[in-house]
Amino acid sequence: MITVLETGPLATIQDAGRVGQAALGVPASGACDPASYALSNRLVGNHPGAAALEITFGGLVLHADTDLTIAITGAPCTGVPLNAPSIVRAGSVLRFGPPRSGLRTYVAVRGGIDVPAVLGSRSTDLLSGLGPEPLQAGVSLPVGRSCGPMPGVDVAPVADPSAGTVAVRVTPGPRRDWFTDTGWSSFLNQTYQVSSNSNRVGVRLDGTPLERSREGELSSEGMALGAIQIPPSGLPVIFLADHPVTGGYPVIAYVSAASLPACAQLRPGQPVRFTA
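Scope of this entry: the structure provided in the associated data block. (Residues numbered from 1 in each chain as written. Predicted model: local features only at pLDDT ≥ 70, side-chain atom pairs only at ≥ 80, totals over all residues. Heavy atoms only, no water.)

1. Examining the pairing of strand β5 (residues 68–74)
Piece 1. Burial analysis of β5 places 6 of its 7 residues in the buried class, which makes it a mostly covered element.
Piece 2. As defined by bridge partners, β5 adjoins strand β6 (residues 85–88) across 4 bridges and the pair is classed as antiparallel. Across the sheet, residue Thr-69 finds its bridge partner in β6, namely Ile-87. (Buried < 20%, exposed > 50% of the residue type's maximum accessible area, 1.4 Å probe, protein only. Helix = DSSP H or I, 4+ residues; strand = E, 2+ residues; numbered from the N terminus. Pairing = 2+ DSSP bridges.)

The following block contains the structure:
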């Protein structure tokens, strides 16, 4: 077992998500930064898809109730080892300070976090309410026993998330024609700021509203991870892991798969630019 002493702003259990059930109205959810999540599991020899902890801007305090092998990846929190398998002895306390850059940190425990699965996943979905509740102080989490061999890696040479302007690669979306050429040019050429009103559902951006070529309502249509929706404010919202399965605002573009981890690590006030 591992016991939560303090949670910080937000800490949840996440795995690879409830993939393939959108037609039933079930969101995928899962780790916001899939690259950091997958790396943490590989470093402790877990099977792909094992449940780990996702920490938002540090603050989590954990007590090891027994000897554990862990790996911490993603946003580099102070006070803990990073990108390397580590042994935590029984009775030890891990304190995750605020990260130097980035927003989300992942903690994999060898054997995985063994809470009950809901619809095939142990992920906490903040939008739908599926999965385990966000972590609370005093909760003890069981650790599983199923895992593979250790990878024999001392440290993974992974760069920290960027603290400066992040360039996000995009492709035009299905409703690009709902915006004028001037609006599209503004979308690609201006520097946005990440809004504090962002979460696991989506990253909201502040900037100059985009000019539309058509008004009126749009029938709800399927939404995918990385869709960039433009609500009536004219300002983009990048959909992350807990995005809804449908939406009624036009999607001007999609984030490339390679840029999704960087989007998950954006923190409020950080500059963002889109590149085609």
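2. Observations regarding the packing of aromatic side chains
Piece 1. Under the definition given, this model contains 3 aromatic pairs.
Piece 2. Here the aromatic cluster, defined as three or more aromatic residues joined through ring pairs, consists of Trp-184, Phe-187, Tyr-192 and Phe-274. (Phe/Tyr/Trp six-rings, centres within 6.5 Å; stacked < 30°, edge-to-face > 60°.)

3. Some remarks on the pairing of strand β1 (residues 2–6)
Piece 1. Of the strand pairs in this sheet, β1 and strand β9 (residues 140–141) are connected by 2 bridges, and their pairing is antiparallel. For Thr-3, the partnering residue across the bridge sits in β9 and is Ser-140.
Piece 2. Where β1 lies against strand β4 (residues 61–64), 4 bridges are found, and the strand directions are antiparallel. Pairing of Val-4 across the sheet is with Leu-62, part of β4.

4. Focus on the layout of surface pockets
Piece 1. By volume, the largest pocket is sized at about 270 Å³.
Piece 2. Looking at the lining of the largest pocket, the elements that each hand over two or more residues are α1 (34–43), β5 and α3 (260–264).
Piece 3. Of the residues forming the lining of the largest pocket, the biggest block, 3 residues, is contributed by α1.
Piece 4. Residues belonging to the lining of the largest pocket are distributed by class as follows: 8 nonpolar, 7 polar and 2 charged.
Piece 5. In this structure, the second largest pocket encloses a volume near 230 Å³.
Piece 6. Considering the residues around the second largest pocket, the lining is formed by 15 residues, among which Ala-16, Ser-29, Ala-31, Pro-34 and Leu-225 are closest to the centre.
Piece 7. In the lining of the second largest pocket, the residues fall into 11 nonpolar, 3 polar and 1 charged. (1 Å grid on protein atoms, 1.4 Å probe; cavity = no way out; pocket = protein on both sides within 12 Å on 5 of 7 lines; lining within 4 Å. Points joined across faces, edges and corners; volume = space filled by probe spheres on them. Nonpolar A, V, L, I, M, F, W, Y, C, P; charged D, E, K, R; others polar.)

5. Some points on α1
Piece 1. Those residues of α1 lying buried are Ser-36, Tyr-37, Leu-39, Ser-40, Asn-41 and Leu-43.
Piece 2. Packing partners of the buried residues in α1 comprise β2 (10–14), β3 (52–56), β5, β6 and β8 (104–109).
Piece 3. Positive backbone phi, approximately 75°, marks Gly-45, located one or two places after α1. (Contact = heavy atoms within 4.5 Å.)

6. Here's the deal with the side chain of Thr-56
Piece 1. Here Thr-56 is to be found in strand β3.
Piece 2. When its relative accessible area of 12% is taken as the criterion, Thr-56 is described as buried.

7. So, the pattern of salt bridges
Piece 1. Inspection of every chain in the model, using the stated rule, returns 8 salt bridges.
Piece 2. For Arg-175, the salt bridge identified is with Glu-221, shortest N-O distance 2.9 Å. One end of the pair, Arg-175, is in the loop between β10 (166–172) and α2 (181–189); the other, Glu-221, is in strand β13 (residues 221–222), with 46 residues separating them in the sequence.
Piece 3. Take Arg-175: its relative accessible area is 24%, and that puts it in the partly exposed class.
Piece 4. Notably, a salt bridge pairs Asp-242 with Arg-200, separated by 2.8 Å at the nearest N-O pair. Taken together, the residues Asp-242 in the loop between β15 (237–239) and β16 (246–247) and Arg-200 in the loop between β11 (192–194) and β12 (202–206) connect sequence positions 42 residues apart. (Salt bridge = Lys/Arg side-chain N within 4 Å of Asp/Glu carboxyl O.)

8. Focus: the sheet that holds β11
Whether parallel or antiparallel, the strands of a sheet pair through hydrogen bonds between backbone atoms.
Piece 1. Judged by pairing direction, the barrel is mixed, and its 7 strands sit side by side in the order β10-β17-β14-β15-β12-β11-β18 before closing back on the first. Adjacent strand axes in the sheet meet at a mean angle of 40°, parallel and antiparallel pairs treated alike.
Piece 2. For β12 and β15, the ladder comprises 3 bridges, and the chain directions are antiparallel. Across the sheet, residue Gly-202 finds its bridge partner in β15, namely Phe-239.
Piece 3. α2 contacts β10, β11, β14 (227–229), β17 (251–255) and β18 (271–275) of the sheet and is inclined by roughly 125° relative to β18. (Axes fitted to C-alpha atoms, helices over the stretch in contact; angles between N-to-C directions.)

9. A closer look at the state of the cysteines
Piece 1. Taken as a whole and judged by the stated rule, the model has 0 disulfides.
Piece 2. With no disulfide partner, Cys-32 has as its closest neighbouring cysteine sulfur the one in Cys-263, 10 Å distant.
Piece 3. When its relative accessible area of 6% is taken as the criterion, Cys-32 is described as buried.
Piece 4. Cys-32 supplies the cysteine sulfur nearest to Cys-77, a cysteine that is in no disulfide, at a spacing of 15 Å.
Piece 5. With a relative accessible area of 4%, Cys-77 lands in the buried category. (Disulfide = S-S within 2.5 Å.)

10. Some remarks on the sheet that holds β1
Piece 1. Spatially, 4 strands are ordered β7-β4-β1-β9 in an open sheet, and the strand pairing comes out antiparallel. The sheet terminates laterally at β7 (93–95) and β9, the two strands that pair on one side only.

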